[in-house]
Amino acid sequence: MRMTFRWYGEGNDSVTLEQIKQIPGVEGLVWALHDLPAGVVWPVEKIQEIKDQADKYGFHLDVVESVNVHEDIKLGLPSREHYIENYKETIKNLATFDVKVICYNFMPIFDWTRTDLFKEMEDGSTALFYEKAKVDSMNPQDLIKQTTSSGFTMPGWEPERLAGIEKSFEAYKGMSEDQLWDNLQYFLEQILPICEQHDIKMAIHPDDPPWSVFGLPRIITSEKNVERLLSLSDSPSHNITLCSGSLGANPENDIPKIIRRFHDRIPFAHIRNVKIYENGDFIESSHRTQDGSVDIADVVKAYHENGFTGYARPDHGRHIWNEECRPGYGLYDRALGIMHLWGLWDAYENVKKGGDSHAINS
Ligand code: CS2
Ligand code: MN
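Since the model is a prediction, treat every value here as computed from it, not as a measurement.

Cut-off values and rules
Residues numbered from 1 in each chain as written. Chains lettered and ligands numbered in written order. Predicted model: local features only at pLDDT ≥ 70, side-chain atom pairs only at ≥ 80, totals over all residues. Helix = DSSP H or I, 4+ residues; strand = E, 2+ residues; numbered from the N terminus. Buried ≥ 20, exposed ≤ 12 C-beta atoms within 10 Å, placed from the backbone. Arc of directions from axis to C-beta. Contact = placed C-beta atoms within 7 Å. Pairing = 2+ DSSP bridges. Expected span 1.5 Å × (residues − 1). Axes fitted to C-alpha atoms, helices over the stretch in contact; angles between N-to-C directions. Parallel < 35°, antiparallel > 145°, perpendicular 65-115°, else oblique. Left-handed = near helix turned anticlockwise from the far one by under 90°. Nonpolar A, V, L, I, M, F, W, Y, C, P; charged D, E, K, R; others polar.

(A) Inspection of unusual backbone geometry at higher detail. The omega angle of the peptide bond from Glu 65 to Ser 66 is -5°, so this bond is cis rather than trans. Tracing the chain through its elements places Ser 66 in the loop between strand 3 (60–65) and helix 3 (71–75). In this chain, Asp 208 is followed by Pro 209 through a cis amide linkage whose omega measures -5°. Examined against the element boundaries, Pro 209 turns out to sit in the loop between strand 7 (201–204) and helix 10 (223–230). If you check the backbone angles, Asp 315 has positive phi at about 60° while not being a glycine. Tracing the backbone through its elements, the reader meets Asp 315 in the loop between strand 12 (311–313) and helix 14 (332–352). What makes Asp 315 buried here is the crowd of 24 C-beta atoms within 10 Å. If you check the backbone angles, Asn 322 has positive phi at about 60° while not being a glycine. Within the secondary structure layout, Asn 322 lies in the loop between strand 12 and helix 14.

(B) Spotlight on helix 13 (residues 296–305). Within helix 13, burial applies to Ile 296, Val 299, Val 300, Ala 302 and Tyr 303. The arc that holds the buried residues of helix 13, viewed along the axis, is 155°, so those residues lie on one side. Turning to helix 13, the residues buried within the fold contact helix 11 (244–247), helix 12 (255–262), strand 9 (268–270) and helix 14.

(C) Spotlight on the sheet that holds strand 6 (residues 126–130). Pairing within the open sheet is antiparallel, and its four strands lie in the order 5-6-11-10. Unpaired on one side and paired on the other, strand 5 (116–120) and strand 10 (275–276) mark the two borders of the sheet.

(D) Focus on helix 2 (residues 44–56). Between its terminal C-alpha atoms helix 2 stretches 19 Å, which fits the 18 Å expected from 13 residues at 1.5 Å a residue. Once helix 2 ends, the next one or two residues include Gly 58, with phi positive near 75°.

(E) The arrangement of the environment of Gln 185 in detail. Here Gln 185 shows up in helix 9 (residues 177–198). Linking Gln 185 and Ser 233, residues 48 residues apart in sequence, is a C-alpha distance of 8.4 Å.

(F) A look at the sheet that holds strand 2 (residues 26–31). Here we have eight strands rolled up into a closed barrel, ordered 1-2-3-4-7-8-9-12, and parallel in their pairing. In this sheet, adjacent strand axes meet at a mean angle of 30° when their direction is disregarded.

(G) Geometry of the packing of helix 13 against helix 14. One can describe the packing of helix 13 onto helix 14 by two numbers: an axis separation of 9 Å at closest approach and a directional angle of 50°. On the basis of the axis angle, helix 13 is oblique to helix 14. In this structure, helix 13 meets helix 14 at a crossing whose hand is right-handed. Of the residues in helix 14, those touching helix 13 at Ala 297, Val 300, Lys 301 and His 304 are Leu 341, Leu 344, Trp 345 and Tyr 348. When grouped by side-chain class, the residues that make up the contact of helix 13 with helix 14 number six nonpolar, one polar and one charged.

(H) Focus on the environment of Ala 127. Inspection of the secondary structure puts Ala 127 in strand 6. Spatially, the C-alpha atoms of Ala 127 and Ile 283 are 6.7 Å apart, while their sequence positions differ by 156 residues. Excluding residues that lie within four positions of it along the chain, Ala 127 makes contacts with Lys 119, Met 121, Ile 283, Glu 284, Ser 285, Arg 318 and His 319.

(I) Geometry of the pairing of strand 4 (residues 101–104). The sheet contact formed by strand 3 and strand 4 spans three bridges and is parallel. Bridge pairing in strand 4 links Val 64 to Ile 102. Where strand 4 lies against strand 7, four bridges are found, and the strand directions are parallel. Bridge assignment links Cys 103 to a residue of strand 7, and that residue is Ala 203.

(J) A look at the packing of helix 12 against helix 13. Where helix 12 contacts helix 13, the two axes come as close as 8 Å, and the packing angle between them is 10°. Compared by their axis directions, helix 12 and helix 13 come out roughly parallel. Two secondary-structure elements touch here, helix 12 through Ile 255, Pro 256, Ile 259 and Arg 260 and helix 13 through Asp 298, Val 299, Ala 302 and Tyr 303.

Now the structure itself:
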C-alpha cells in the first residue's frame, strides 16, 4: 500500500506540504490543476510548477485526481470529439511527468452531493452530511446556494462550473442509464489506447452517493455495475478507484467483498468510513470501523491479503480541533485516518510474518 494525500495546491489548500511531510508514510501527493475548467489541455508549464513544489519535499505525483470529463462527453454530443482530443493531449502531457494513475468520474453535472458541509456531531466535531429527504425534495439550485454560502465549495461545485446548470439539466432530460454507459464506453475506446502507450491507468471514481440524484442517471453505484464497468474493456489501463465511503453509503454494497473480487483492477484506494442511518441519511464518520457502517478493518484486510501495491489515500475526514479547512479536506482527521490505516496494515503484516512484533521492522 503506497500512501498518498490529496493536496489542492499552494494558496488553494489550508494544509501545507511541510505538514503533509510529517504524516508518517506519505510518499506522494494526489493533485490536479484545480483552476482549469474541464475540457482544456493541461499545459506542461503548469504541471511543472506543481512538480517543482512536490520535489522540494520528495513527494511523487503519480496519482492525479481528477482530470474531469467535459459534460459534452458524458452527454455524447458531437462536440465531444474536441474534448476527447484535449483529454488525450492532457494524458500525453501527464505521461511526460511519469503519472501512473488518472482518477476521474462520470457523474452528470454534480460531483459528490451533500446537504450539510459542517454537520455537528455529538463530540463537537463537524462532518459532511447527506440528508436524503432533503435531496429528494429540494431543487438543485437551492442546494447549491446553501452549500456555497458558507464561503467554501466542494470540489466539482465551483460556482463557475455550476453557472449553466439549468441548461445542463435540460440537456440530460430523458437520458437513460444505458445511454450514459454508451457514452462512457465511447470515451474509453478513444482514450485507452493512448493510456496503454504511456502505461497510465485510468481509474474511475464511483458515484457519490451511489444512486440517482435530482433525476440524473448514475451508473457506478454497485457491485453489479462495477462488473459491467470492468467488462467494457480488458485494457490494463481500464480500472476503478475503489472509494469505500462512496459505494459504502448504500448498505447493500459489501465493500470488502468488492475489493476481494476486483482487487487486480484497483490501482487507487480511497479509504474512509460512513455512518448510514435507517432513513437513508449518512454522515462521514471517523475511519474506525466502530464509528461507522463500513468494516474498515476488513477493507484493509482485503487489500492486505491480496498484496495490494497500489496507491491509497484516507479520502475525506471530519473537521476536528477547530480546524478551518476545505470541507472534508482538513489535516488532522485525515492524518489520524492514515495512522489508523497503517495500524491495521502493520498488524496484518505482523500476523502474516508469524506474529513476531519485531518482524515489522525487519
Ligand atoms: C471526492 C470526489 O470522494 C471523493 O474522493 O473528493 O470529489 C472525487 O475526487 C471525484 O469524484 C473523483 O473524480
Ligand atoms: Mn472518494
